[in-house]
Every structure is written in C-alpha cells, then in structure tokens.
Amino acid sequence: QVQLVESGGGLVQPGGSLRLSCVASGSIFSIYYMGWYRQAPGNQRELVAGITSGGSTNYADSVKGRFTISRDNAKNTVYLQMNSLKPEDTAVYYCKAALTVVAPIQNNYWGQGTQVTVSS
C-alpha cells in the first residue's frame with residue numbers, strides 16, 4: 001500500500017510564501033519522479049513543477065522564478081517553496097509520484113490534495 005500525504009497549505013496574502021511538503025510511504029522500491037499539480041475550480045488539473053530522482057526539474061511558465069521544487073530521496077519527500085504568491089495561484093495542490101513497488105512495473109500515485117488560498 002502506497003500513500004502520499006501533503007501538508008503546508010493554507011491562507012496567505014498576495015506576495016506571501018508557503019512551503020508544501022509531500023511524503024510517500026509504504027512498500028516502495030524506487031521513486032523516479034515526483035511532482036506538484038494544481039486544480040482551481042472550473043479548471044483542469046495542471047502541472048506546477050516536477051523533479052526526477054536525478055534532480056532534473058521542470059516548471060509551468062506561470063510559476064518560473066517564484067516556485068522552487070526540491071526533494072529528499074532518503075525521506076521520499078518532495079517540497080514546493082512558493083514565493084511571491086498571487087491570487088491566481090489559489091487552487092488545490094496535489095502531489096504525484098511515479099514509483100515502483102515491484103520492479104520493473106511503474107505506476108502513478110496521487111495525494112489527497114492541500115488547499116492553497118491567496119487572498120487579502
């Protein structure tokens with residue numbers, strides 16, 4: 001059983017910062033990719049940022065220069081540091097992991113989501 005648990009969401013004023021965390025637990029053989037996605041009401045879920053086990057990252061254009069993704073492979077944890085937050089960043093943020101329980105089969109797993117609200 002694999003579980004992804006996010007934390008760190010909340011209410012913040014425009015221009016403020018938040019740090020999201022996501023921990024993967026369970027019978028995990030290896031984690032190739034971890035990423036953050038978000039979904040605002042009425043919108044499709046979209047990629048925010050992703051990072052491979054080797055440290056390669058990618059970001060949505062809308063968050064480049066403001067958000068930073070990082071991971072601790074030893075702790076199966078991925079972080080998202082969000083600075084200079086804008087009202088349009090308001091969404092439910094989901095953690096995703098592409099991982100292997102039994103080699104070589106790789107599957108995607110999702111967390112339950114954490115709400116981020118940017119408002120004055």
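What you are looking at is a predicted structure, and each value in this text was computed from that prediction instead of being measured.

The number of helices and strands found in the chain is zero helices and eleven strands. The linear arrangement of helices and strands in the chain, starting from the amino end, is β-β-β-β-β-β-β-β-β-β-β. Over its C-alpha atoms the chain spans a radius of gyration of 14 Å, differing by no more than 12% from the 14 Å that the globule rule assigns to 120 residues. In terms of its C-alpha atoms, the chain occupies a principal-axis envelope of roughly 45 × 25 × 25 Å. Counting all 120 residues of the chain, 42% fall into the buried class. Within the chain, contacts between residues separated by at least 24 positions form 54% of all contacts whose residues are at least 6 apart in sequence.

Once that is clear, we can look at the sheet that holds strand β3 (residues 18–26). One open sheet holds the four strands; their spatial order is β1-β3-β8-β7, and the pairing between them is antiparallel. Bordering the open sheet on either side are β1 (2–7) and β7 (67–72), each of which pairs with just one other strand. Pairs of neighbouring strands in the sheet enclose a mean axial angle of 15°, with direction left out of account. In this structure, β7 lies alongside strand β8 (residues 77–82), joined through six bridges in antiparallel fashion. Looking at β8, one finds that Asp72 is bridged to Thr77.

Time to look at the pattern of salt bridges. All told, the structure shown has four salt bridges when counted by the stated rule. Notably, a salt bridge pairs Asp61 with Lys64, separated by 3.1 Å at the nearest N-O pair. When salt bridges with common partners are traced through the structure, they connect Arg38, Glu46, Arg66 and Asp89 into a single cluster.

So, about the side chain of Asp89. Residue position: Asp89 is located in the loop between β8 and β9 (91–100). Within the structure, Asp89 has its side chain in polar contact with the side chain of Arg66 (distance 2.8 Å). Leave out the neighbours within four places in its chain, and Asp89 touches Arg38, Arg66, Phe67, Ser84, Val116 and Val118.

Attention now goes to the state of the cysteines. Under the criterion given, the structure shown has one disulfide. In this model, Cys22 is linked to Cys95 through a disulfide, with the two sulfur atoms separated by 2.1 Å. Between Cys22 and Cys95 the sulfur-sulfur dihedral comes to about -80°; the bridge is accordingly left-handed. Remark: Cys95 occurs in strand β9 and Cys22 occurs in strand β3; sequence separation between them is 73 residues. The two residues Cys22 and Cys95 agree in class, both being buried.

So, about the pairing of β8. Extensive coverage of β8 is indicated by the burial of five of its six residues. Bridge analysis of β3 against β8 gives six bridges, and the strand direction is antiparallel. Residue Cys22 lies in a different strand from β8, and its bridge partner there is Val78. The hairpin turn running from β7 into β8, its antiparallel successor, is four residues long, and Asn76 in that turn takes a positive phi close to 50°.

Rules behind the numbers
- Residues numbered from 1 in each chain as written.
- Predicted model: local features only at pLDDT ≥ 70, side-chain atom pairs only at ≥ 80, totals over all residues.
- Heavy atoms only, no water.
- Helix = DSSP H or I, 4+ residues; strand = E, 2+ residues; numbered from the N terminus.
- Rg over C-alpha atoms; globule rule 2.2 N^0.38 Å.
- Buried < 20%, exposed > 50% of the residue type's maximum accessible area, 1.4 Å probe, protein only.
- Contact = heavy atoms within 4.5 Å.
- Pairing = 2+ DSSP bridges.
- Axes fitted to C-alpha atoms, helices over the stretch in contact; angles between N-to-C directions.
- Salt bridge = Lys/Arg side-chain N within 4 Å of Asp/Glu carboxyl O.
- Polar contact = N/O pair within 3.5 Å; in protein donor to acceptor, adjacent residues only side chain to side chain.
- Disulfide = S-S within 2.5 Å.

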